[in-house]
Amino acid sequence: MSADVETDVDVVVVGAGGGGLAAALAAADAGASVVVLEKLEEPGGNTALSTGSIPAAGSRFQAEAGVQDDPERMAADLLRQSGPHEAEHLTRRLAETSASLVEWLVDDHQVRLKLITDYKHVGHSVERLHAPPSRRGIDLSRDLVAACEGAGVDIVRGNPVAELLVDDGTVTGVVVDGERSGRHEIRSRAVVLAANGFANNRDLVARWAPDLVGLEYFGAHGSTGEAIEWGVQLGAQLRNRTAYQGYAAVAYPHGSILSWTTQEKGGVLVDATGSRLGDEIVGYSGFAVEVLRGSAPIWAVYDTRIRDITLKEEEYAELVEMGGAKVCDEVEDLASVTGAPVEALRSTLEAYAAAARGEQPDAFGRTDFGLAPLEPPYVASRVTPGLFHTQGGLEIDADARVLTEDGTPVPGLFAVGGVAAGISGQQGGRGYSSGNGLLTAVGLGRLAGTAAAAG
Ligand SMILES: Cc1cc2nc3c(=O)[nH]c(=O)nc-3n(C[C@H](O)[C@H](O)[C@H](O)COP(=O)(O)OP(=O)(O)OC[C@H]3O[C@@H](n4cnc5c(N)ncnc54)[C@H](O)[C@@H]3O)c2cc1C
């Protein structure tokens, strides 16, 4: 621990990702003294790896762009995608507070976010994703760190929280125990758990979300689930336990995201046999398990028109520069690049083109074809499916207070982001709408920080 860290503060935040930084900022706004403890050497967590997209309904940025939207519509969209679930009150609460969330970030704290009008992505009926102009979560994370520092919040790196201090059922602080930090206690009136989920803990994945075994994890190292275990030990229930965000198309071997715009605009994924794997439009998260069932190597196939549209996205442009999008003049070239049998590939593309022209139903029920039929020159990107984060977690109330089985709060304890019950339903990766990860992190973080400061 650095010598000047307070050992008695109003609010301790565990984890310096989007959820923790937003909680810290809101608590500081409300006049509380706050320390953020981060176990790794750098803040950011999964937030820094994301595209930084936060959904919001009825924001002034939507109004300026002429987009009609409201929280009821957003909640209905999210619930349509998620299906019924165990934390629907959070879906509604987050939709209701989403516009003020992005405006608070931009107007009060100079976080760079703008409305994305190029695509809506999964689960949204109108344009409502607000993201850094670069579409990189690292910018969101850096801006939140700068805002916290400006507000006098101490962000202490390399300080893993090992356990909670609990006096007679009330959480009264934390114990830090790390190689560099040593073991020490910090006392506080409230603790906000913002340490993300359990996707990087094989034992917990096998115990709590066995469907995910086999999906390679592509998120940050810190998501090892200990904060969820502390809550369970204090009597909290796990809600929406099996939900997660998968990603069907992580660029291989680059490890970056192949933008789903390539699929929404008409591309398909094919496996080593030259066959498609399902209806790509179920979304990048739900489709990940379908891709896992295909025979590797898996390739995304689209065309140069779609490539040129997607080039607006910085991460995709970098992938192209690194050789991750191979141009193929004919189906024969596509076969030689992907290794799939040429006749099988040709018949897959012909059947898909016929469906896109409305001549026959699509074999997998796809109804939105973007710019398809695909036209040569084709473009091929090799991909692999991945797990990005778990969405299930501790049951909380509308201000992110952790609840025990009988619905009473654990005094002094809040949970946000991947530690808390998510809003992505109970059907694995299928219920995930774009932005659900950051909405439950940053959105619940702000609510938790405000409530924690109020005591
Ligand atoms: C590649 C990728 C792309 C994504 N894109 C999007 C997107 O565009 N939109 C979206 O909504 N979601 C996206 N997600 C999901 C989103 O990033 C996460 O849901 C969100 O960042 C979670 O925020 P968080 O604050 O809960 O966790 P994190 O940002 O992971 O922060 C948690 C922090 O807690 C620290 N920590 C853990 N345990 C301890 C401990 N014991 N003591 C101290 N510190 C601890 C971790 O090291 C970490 O820094 C993406 C995820 C990935 C991997």
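Residues numbered from 1 in each chain as written. Predicted model: local features only at pLDDT ≥ 70, side-chain atom pairs only at ≥ 80, totals over all residues. Heavy atoms only, no water.

Draft legend 1. Representation of the environment of Ala24. Inspection of the secondary structure assignment puts Ala24 in helix α1 (residues 18-29). Among the residues examined, Ala24 registers a relative accessible area of 0% and is labelled buried. On a C-alpha basis, the gap between Ala24 and Pro132 in space is 20 Å, while along the polypeptide they are 108 residues apart. Setting aside residues up to four positions removed in sequence, Ala24 forms contacts with Val13, Val34, Val36, Cys148 and Val153. (Helix = DSSP H or I, 4+ residues; strand = E, 2+ residues; numbered from the N terminus. Buried < 20%, exposed > 50% of the residue type's maximum accessible area, 1.4 Å probe, protein only. Contact = heavy atoms within 4.5 Å.)

Draft legend 2. Representation of the packing of aromatic side chains in the model. If you walk through the whole model with that rule in mind, you get eight aromatic pairs. Judged by centre distance (4.9 Å) and plane angle (35°), the rings of Tyr247 and Tyr284 are tilted. One end of the pair, Tyr247, is in strand β12 (residues 244-251); the other, Tyr284, is in the loop between β13 (268-270) and α10 (288-293), and 37 residues separate them in sequence. The exposure class assigned to Tyr247 is buried, which follows from its relative accessible area of 4%. Given the relative accessible area of 7%, Tyr284 is considered buried. Members of the aromatic cluster, connected to one another through ring pairs, are Tyr247, Trp260, Tyr284, Phe287 and Phe388. (Phe/Tyr/Trp six-rings, centres within 6.5 Å; stacked < 30°, edge-to-face > 60°.)

Draft legend 3. Expanded view of the environment of Gly158. Among the secondary structure elements, Gly158 is positioned in the loop between β6 (154-156) and β7 (161-167). The exposure class assigned to Gly158 is buried, which follows from its relative accessible area of 6%. Residue contacts for Gly158: discarding those within four places in its chain leaves Glu38, Lys39, Leu40, Glu41, Arg180 and Ser181.

Draft legend 4. Just the pattern of salt bridges, in detail. Tallied over the entire structure, the rule returns 34 salt bridges. With a shortest N-O distance of 3.5 Å, Asp10 and Arg189 are connected by a salt bridge. Of this pair, Asp10 sits in strand β1 (residues 8-14) while Arg189 is found in strand β9 (residues 182-193), placing the two residues 179 residues apart along the sequence. On the accessibility criterion, Arg189 (43% relative accessible area) is partly exposed. The salt bridge involving Glu318 is made with Arg136; its shortest N-O contact spans 2.7 Å. Within this pair, whereas Glu318 is found in helix α12 (residues 314-321), its partner Arg136 is found in the loop between β5 (129-131) and α6 (137-150), the two being separated by 182 residues in sequence. The class of Glu318 is partly exposed, set by a relative accessible area of 37%. (Salt bridge = Lys/Arg side-chain N within 4 Å of Asp/Glu carboxyl O.)

Draft legend 5. Structural context of the environment of Val36. Looking at where Val36 falls in the secondary structure, it is placed in strand β2 (residues 34-37). Relative accessible area serves as the criterion here: at 0%, Val36 is assigned to the buried category. Through-space distance from the C-alpha of Val36 to that of Val192 is 9.3 Å; in sequence the pair is 156 residues apart. Those residues in contact with Val36 that sit more than four places away from it in its chain are Val13, Gly15, Ala16, Ala24, Val153, Asp154, Ile155 and Val156.

Draft legend 6. Summary view of the site of the ligand. Taken together, 41 residues surround the ligand, and among them Glu38, Thr47, Thr51, Asn196 and Leu438 come closest. Within the contact set of the ligand, an oxygen atom lies 2.8 Å away from a backbone nitrogen or oxygen of Asn46. The backbone of Leu438 places a nitrogen or oxygen atom 2.6 Å from an oxygen atom of the ligand. Within the complex, the protein chains bury 97% of what would otherwise be the 1000 Å² of accessible surface of the ligand. Where the shell around the ligand is concerned, the elements lending two or more residues are α1, α2 (45-49), α8 (226-233), β16 (378-390) and α15 (436-454). (Near = heavy atom within 4 Å. Polar contact = N/O pair within 3.5 Å; in protein donor to acceptor, adjacent residues only side chain to side chain. Areas by Shrake-Rupley, 256 points an atom, 1.4 Å probe, with all protein chains shown as cover.)

Draft legend 7. Spotlight on the side chain of Gln245. Along the chain, the position of Gln245 falls in strand β12. The class for Gln245 is buried, based on a relative accessible area of 10%.

Draft legend 8. Layout of helix α14 (residues 342-356). Taking 1.5 Å per residue, 15 residues should reach 21 Å; α14 reaches 21 Å between its end C-alpha atoms and fits that length. Listed as buried for α14 are Leu345, Thr348, Leu349, Tyr352, Ala353, Ala354 and Ala355. Tucked into the core, α14 has its buried residues touching β13, β14 (298-303), α13 (331-338) and β16. (Expected span 1.5 Å × (residues − 1).)

Draft legend 9. The arrangement of the pairing of β1 in detail. Burial analysis of β1 places five of its seven residues in the buried class, which makes it a mostly covered element. Pairing of β1 with β9 involves six bridges; the strand directions are parallel. For Val11, the partnering residue across the bridge sits in β9 and is Ala190. Sheet topology places β1 next to β2; four bridges connect them, and they run parallel. Within β2, the position partnered with Val13 by the bridge is Val36. Traced from β1 through α1 to β2, the parallel crossover comes out right-handed. (Pairing = 2+ DSSP bridges. Right-handed = clockwise from strand over helix to strand, strands pointing away.)

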